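# Structural overview
Each chain, letter by letter, is given below.
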Amino acid sequence: MDKTVVVYYSLDGHTHFVASKIGERLECPVIRLRQHNEFSATNTFLKYFWAGKSSVFRDKPPLEDTDLDPDAYDTLVIATPVWAGNLSSPVRSFLSSHPLDGKRVFLVATNSGGSFVKCFATMRKLMPKASVGEEIGLVNITEASSPAQQQSLDAFCDTVIGRSQVVEGPNLS
Ligand SMILES: Cc1cc2nc3c(=O)[nH]c(=O)nc-3n(C[C@H](O)[C@H](O)[C@H](O)COP(=O)(O)O)c2cc1C
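What comes next concerns the included structure. Per chain, residue numbering runs from 1 following the sequence as it is written. For this predicted model, a pLDDT threshold of at least 70 governs which residues receive local features, and a threshold of 80 or more governs which side-chain atom pairs are given and counted, while totals over whole chains, interfaces and linings are taken from all residues.

### Focus on the overall build of the protein chain
Along its length, the protein chain carries five helices and six strands. Helical segments are the DSSP runs of H or I of at least four residues, strand segments are the runs of E of at least two, and each set is numbered from the N terminus. Written out in order from the N terminus, the α and β elements of the protein chain read β-α-β-α-β-β-α-β-α-β-α. What the globule rule says is 2.2 Å times the number of residues to the power 0.38, and the radius of gyration is computed from C-alpha atoms. By the compact-globule yardstick of 16 Å for 173 residues, the protein chain fits well, its C-alpha radius of gyration being 16 Å. By principal-axis analysis of the C-alpha atoms, the protein chain measures approximately 65 × 35 × 25 Å.

Below, the structure is given as structure tokens:
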């Protein structure tokens, strides 16, 4: 398999759970994006209010530095929660500063039952020169999620692994 990394943001843990599962399955590094100023965890209403507002206004909040060098990878799996029908603003920040030209990219989103369409469409728009493959949307995913949902996640990982296999050239010796 070529070099793969999972990059994600998670406010409440669902996307963290999914990203960790994918990382285990692909046996690859998993990098968590964090905002420079995270939303307050002490007031849930305010946390959701500011998060929703930042998505609606297409904010690109500054992120904490990570060790991630996207150029060191061939394949990136990008995972985000859905906020107000769209991608989370920290993932918007990441994709706006790393358009991932020429990379193979797979998309993951978690939500609580709404649509994934706009979220995935925006993500694709933010990386016009990447080769964006399959996407998977997972609703209310937790350890206790249905076997069907776990199976979809396994199938998604199989696809990423399949697409990331290095094709050996003919042995001419
Ligand atoms: C600010 C905000 C906006 C949200 N908007 C939506 C939405 O439009 N549609 C939806 O189905 N779920 C929405 N949700 C629910 C989250 O997408 C869902 O709980 C997701 O799995 C959270 O991921 P996380 O736990 O990794 O943060 C929203 C949650 C927050 C905090």
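### Re the site of the ligand
To decide whether a residue is near a molecule or strand, its C-beta atom is placed from the backbone and checked for lying within 6 Å of it. Lining the immediate environment of the ligand, one finds 20 residues, of which Ser 10, Asp 12, Thr 15, Pro 81 and Gly 114 sit closest. Of all elements in the fold, only helix 1 (14-26), helix 2 (44-56), strand 3 (75-83) and strand 5 (104-111) reach the threshold of two or more residues within the shell around the ligand. Here the nonpolar group is Ala, Val, Leu, Ile, Met, Phe, Trp, Tyr, Cys and Pro; Asp, Glu, Lys and Arg are the charged ones; every other residue, Gly included, is treated as polar. Of the residues contributing to the shell around the ligand, the split by class is seven nonpolar, 12 polar and one charged.

### Things to note about the pairing of strand 5
Put plainly, a residue is buried at 20 or more neighbouring C-beta atoms within 10 Å of its own, exposed at 12 or fewer, and partly exposed in between, counting only other residues' C-beta atoms, which are placed from the backbone. Of all eight residues in strand 5, seven are buried, a share of seventy percent or more. A pair of strands is treated as paired once DSSP finds two or more bridges between them. Here seven bridges tie strand 3 to strand 5, and the two strands are oriented parallel to one another. Across the sheet, the residue bridging to Leu 76 is Val 105, located in strand 5. Sheet topology places strand 5 next to strand 6 (residues 131-139); seven bridges connect them, and they run parallel. Residue pairing in the sheet places Asn 111 in a bridge with Val 139 of strand 6. For the handedness criterion, the strands are oriented away from the viewer, and a crossover whose path from the first strand over the helix to the second runs clockwise is classed as right-handed. A crossover links strand 5 with its parallel partner strand 6, the connecting element being helix 4 (residues 117-125), and its sense is right-handed.

### Some points on the environment of Val 30
Structurally, Val 30 can be placed in strand 2 (residues 30-32). Note on Val 30: 18 C-beta atoms within 10 Å, which makes it partly exposed. For the pair Val 30 and Tyr 8, spaced 22 residues apart in the sequence, the C-alpha separation amounts to 7.8 Å. A pair of residues counts as a contact when their C-beta atoms, built from backbone coordinates, are separated by no more than 7 Å. When neighbours within four sequence positions are excluded, Val 30 is seen to be in contact with Val 6, Ala 19, Ser 20 and Gly 23.

### A closer look at unusual backbone geometry
A positive phi angle, close to 50°, is found at Ala 84, a residue other than glycine. Tracing the backbone shows Ala 84 in the loop between strand 3 and strand 4 (86-87). In this structure, Leu 100 is a non-glycine residue whose phi angle is positive, near 60°. With respect to the element layout, Leu 100 can be found in the loop between helix 3 (89-97) and strand 5. For Leu 100, a count of 22 C-beta atoms within 10 Å translates into the label buried.

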